[in-house]
Structure formats: structure tokens, C-alpha cells
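Take a look at the letters that make up each chain.
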Amino acid sequence: MTDRATDFLKQVRDHLFYLKLRPGGVRLQAKGADLSGFRLKGFTLNSSVLTQVNFSDAELEEVSFNMSDLFGSNFTRAVLVGSCFVRADLRGANFLKANLRRTDFEEADLRPGQILTFSSGKPPEIRQRTNLQDATLEGVNFKNADLSHADLANAGMKGTDFAGAHLFAANLAGADLREANFTGAKLKRAILSGAALNQTILRHADLRDAVLRNVDLAGADTAGADLNGAIYMKGTGNLPPEVRQMLEAHIQWINSAGRQGRRADFTGMDLRGVDLTAADLSGAVFRGARMNEASLAHAFLSLADFGGAALCGAKLDQAILTGANLMDADLSGAHAGDADFGLVELRNPDGTPAGRLWPTNLSGAKLEGADLRGARLTGAKITKAMFENANLASADLRGCDEFSANLGRAYLSGARRGTLSASTDPEKLQLLAI
């Protein structure tokens, strides 16, 4: 046993005396300690102070951290099966790929933490959200816990109990939520795109303004749920079998970063009138597809390829088409109010920013009579694009070369025009694509 482990075990012993009010008892305080790879099973560490402790790769089965201060602690890849964090302070903690089966987080605080970092003598604050990405959370108890803004993307949460939990703006994209219980949970503005919701209980849940792209709610219990303003697909059962199969495979492709499923390719297909409202088809291929009168409102189509596609009269209201290729596409009479045709920040295969912004390409596109009120076209390529009689009221055309396009008789009242500020914030651009 290392000196580090021996010293910590002595502190644990003294803490047990402290909890039992015995002589020599001292409350456990190990702020910022490195306990990576540490092994401990069946101990009670209630009310301890373990802020920003490194527990990465540790084995801490059936350990009780109830009411402990674990602010900003790191549990990356840790094994915490059967452990307890009831009413613990876990703000800004990191549970990336941790094994948390049968763990109890009832009434725990998992909100973002304000972390101080010192650079050049200045202590700026960084808002660090609690990270539960790719964690194993089957059978976990999150009753009445506060997971506001927490990141649970792609986590396995089959049968997990979120009754009464606060999940405001939490990210549950791609998570396995089968048989999970969200009765009375607060999910306003939460992101559940691509999540599995078969036999999920959402009774009386608050899902206002939640994003549920590529989610099938047919198998979930939504009795009494508030879905006002939520973005979700309503007609998946009416999709042609081939389209539905391609959509399901594309969801897997997105959620696995290309490791599973396959990229949807609708090249040349007849998709006239198809309802893909709120679908996530980012990166999909629609080259030369016939999509007249199709519904793509609220759809996420970033970096999708619509080269030469027919989209006459299509519904694209509030769709996200950042970085998409619409070269020579026909959008005559399309409805694209508040749609986003702006720049997108490219990312590396591991998800890190590549440092490049990619524009939407509308070169040669036909947009005669299109409704583009409030649309965002910042930095878009519009060479030889036809906007005759298009409604561009309050649209954002900054960074577009207007002289290279035909804006004859286009309605431009209130449109933002001119150069695009060099201070364009990539982080803000990313947030627009959620």
C-alpha cells in the first residue's frame, strides 16, 4: 500500500470516529487530493469535504458519500456500484464513463459549478457543467435531484428513476431511457434528441420547449405531460418504410459518431410531401431528391447536402441548415421563416473544435417568392442565387456578397446587411445549432 493510500485510510478511520462522536474523531477533509485508482468498499464517508478530489479510475463500491461536499470532483471511469450520494454537493463533478449502477443520488445537487482558474494573475470563473456522458446509470435513483444543465449524453439509464428531478436544459441526447421514470420531472428546454424512450414514464413531466428530434414518443407514457413548444416528430408512423429505416440508421450514425448505423443517403429519391418535421438529419445526403411540399420545419440539417434538390413550397420554418450545401437547389415558394442558413463551426472526429467556420452554400439556388423572414444567412455563399420577390424582412445577410446574387424586387425591410463582424463568436454559433 502506498503512503498516499495509508494516509487517506487513517483520515477515513478518524472520520468514522467523528461520525460516531468518539474521541479523536476528525472530519475528513481532502481538498484537491489525488486518489486516482484508489480502492475502497463499504465505507461511510458521510458529511466529508472532498472538493475537487481526483477519483478517476477508482473503485468505490457501496461507499456512502451522503451530504458530502464533492464540488468539482473527478470520477472519470470510476466504479461506484451501489454507492450513495444522497443530498451531496456534486456541482461541476465529472462522471465521464463511470459505472454508477444502483447508485443513489436522491436530492443531490448536480448543477454546474463555478470553477476558479488562475491565469496571468487573474482568477476568471468557468461555469463547468456536471458531466455524466457515457456513464452507466441503470437502476440509479435521481429522485428530486437537481440536474439542471447536466450533460448525460449517450448515458445508459434504463430503468433509472428521475421522479420529481430538475433537468432544466439538461443534455440527454442519445441516452438510453427505456423504462425510466420521469413522473413530475422538470425537463423544460432539455435536449433528448435521439434518446430511446420505449416504455418511458413521462406522466405530468414538464417538457416545455424541450428538443426531441428523432424521438418516437409513441411507446412512452406522456399522460398529463406538458409538451407546449417542444420540438418533436409527430408522424414517424406515416413515413415510408424505406425512409423510416434510413432515419433510424442515421440516428445510430449520429449518436455513435459514425461507429454504428449509416449516413442517410436519399439521393434522387421521391420525397414529395414527406413529413420530417423535427428530424435530425445533419450530414444526410439529398442530392437531386424531389422534396416539393415536404415538411422539414424545426429539422436539424447542418452540413446536409441538398445539391440540385427540388424543395419548391417546402416547409423549412426554424430549420437549422448551417453549413448545408444547397447549390442549384430549387426553393421557390419555400417557407423558411427564422431558418438558420449561417456559418457552422467544424469539429474534429473526436468532437473538438477544428477552428474553422463553414458557410452554407446557396450558389445558384432558386429562392423566388420564398418566405425568409427572420432567416439567418450570415456568411452564406449566394453567388447567382435568385431571390426575386423573396421576403427577407428582418433577415440577417451580413457577410453575404449581395452583388453576386439577384435580389431584384426582394423585400428587405429591417434586414441586417453589410460586413460580418470579425468578432463572431464560434461558441454562439454552436449554441444556435442545438
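Here's a quick rundown of the structure. All values derive from a computational prediction rather than experimental measurement. (Residues numbered from 1 in each chain as written. Predicted model: local features only at pLDDT ≥ 70, side-chain atom pairs only at ≥ 80, totals over all residues. Heavy atoms only, no water.)

1. A short note on the pattern of salt bridges
Where side chains of opposite charge bring their charged atoms close, a pairing between them can arise.
And step 1. In total, this model carries 21 salt bridges according to the counting rule given.
And step 2. Residue Asp109 is joined to Arg111 by a salt bridge in which the shortest nitrogen-to-oxygen separation is 2.6 Å.
And step 3. Owing to a relative accessible area of 16%, Asp109 belongs among the buried residues under this scheme.
And step 4. Relative accessible area serves as the criterion here: at 36%, Arg111 is assigned to the partly exposed category.
And step 5. Salt-bridge contacts for Arg272 lead to Asp270; the nearest nitrogen and oxygen are separated by 2.7 Å.
And step 6. On the accessibility criterion, Arg272 (52% relative accessible area) is exposed.
And step 7. Each of the salt bridges in this network shares a partner with another, and the network as a whole consists of Asp109, Arg111 and Asp146. (Salt bridge = Lys/Arg side-chain N within 4 Å of Asp/Glu carboxyl O. Buried < 20%, exposed > 50% of the residue type's maximum accessible area, 1.4 Å probe, protein only.)

2. Here we look at the nonpolar core
And step 1. Of all hydrophobic cores here, the largest spans 67 residues; its most connected members are Leu90, Phe95, Leu147, Leu167, Leu172 and Leu177.
And step 2. No other element matches helix 1 (residues 3-19), which puts three residues into this core.
And step 3. Residue contacts for Leu147: discarding those within four places in its chain leaves Leu110, Leu132, Phe142, Leu152, Phe162, Ala165, His166, Leu167 and Ala170.
And step 4. If you look at the next biggest cluster of nonpolar residues, it comprises 61 residues, including Phe286, Leu311, Leu372 and Phe387. (Core = buried A, V, L, I, M, F, W, Y, C linked by side-chain atoms within 4.5 Å. Helix = DSSP H or I, 4+ residues; strand = E, 2+ residues; numbered from the N terminus. Contact = heavy atoms within 4.5 Å.)

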